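# Observations on chain architecture
Below, each chain spelled out in residue letters.
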Amino acid sequence: MAMKDYSDEFKADAVALYESTPGATYKSIAADLGINRATLREWVLRDRDRRGVAATAPSSGGQMAARAGKTVPSEDPDERIRQLEARVAELEASERKLATERDILRKAAKYFAGETNW
């Protein structure tokens, strides 16, 4: 199988998408982008080395576990506010992920449209 050559911009976008997605796994992001999981992992590790950031273990998906439990809104106003703030933060993270994916797809579409010389 031939190795694909990805642009530095695509690599940077893929790393940014992984880093900005709470609870993300290499497998899920790589599948979304259509690349190999190990390739994405290598890009992320190289970027972290370049920035001097220590590699961290993937989170256990605390937000996903909270969503799976479907917490019941509390009667206590302070607790309800905390629950709503957590939900807002989760939705904002999701929006950032979707915006990054959209930007990557736009760039890919421009790239591939420029490569077709039929």
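Quick look at the structure, then. Starting afresh in each chain, residues are numbered from 1 along the sequence in its written order. Local features in a predicted model are, by the rule used here, given only for residues with pLDDT of at least 70; side-chain atom pairs are given and counted only at 80 or more, and totals for whole chains, interfaces and linings are based on all residues. Based on all heavy atoms of the structure, the side-chain values leave hydrogens and waters out of the count.

## Considering the nonpolar core
- For the purposes of this section, nonpolar cores are sets of buried Ala, Val, Leu, Ile, Met, Phe, Trp, Tyr and Cys residues that join through side-chain atoms within 4.5 Å. Throughout, exposure labels follow a simple rule: accessible area from a 1.4 Å probe, protein chains only, divided by the maximum for the residue type, with under 20% read as buried, over 50% as exposed, and the rest as partly exposed. Judged by nonpolar contacts, the single largest core of 15 residues is most densely connected at Ile-29, Leu-33, Ile-35, Leu-40 and Trp-43.
- Those elements that place two or more of their residues in this core are helix H1 (8-20), helix H2 (26-33) and helix H3 (37-51).
- Secondary structure elements follow DSSP: runs of H or I no shorter than four residues count as helices, runs of E no shorter than two count as strands, and numbering proceeds from the N terminus. It is H1 that contributes the most residues to this core, 5 residues altogether.
- Two residues qualify as a contact provided that any one of their heavy atoms is within 4.5 Å of a heavy atom in the partner residue. Setting aside anything within four residues of it in sequence, one finds Leu-40 in contact with Ala-14, Tyr-26, Ile-29, Ala-30 and Ile-35.

## Let's talk about the layout of surface pockets
- Site definitions follow a grid-based scheme: protein atoms alone, a 1 Å grid, a 1.4 Å probe that fits but cannot get out for cavities, and for pockets an open set with protein on both sides within 12 Å along at least five of seven lines, plus lining residues having an atom within 4 Å of a point. Grid points are joined across faces, edges and corners, and a volume is the space filled by probe spheres set on the points. Here the largest pocket defines a volume of roughly 500 Å³.
- If you go around the largest pocket, you meet 19 residues; those closest to its centre are Tyr-6, Phe-10, Ala-108, Tyr-111 and Phe-112.
- Contributing elements (two or more residues each) for the lining of the largest pocket: H1, H2 and helix H5 (77-115).
- Partitioned by chemical class, the residues of the lining of the largest pocket number 9 nonpolar, 2 polar and 8 charged. As a working rule, the residues Ala, Val, Leu, Ile, Met, Phe, Trp, Tyr, Cys and Pro are called nonpolar, Asp, Glu, Lys and Arg charged, and the rest polar, with Gly in that last group.

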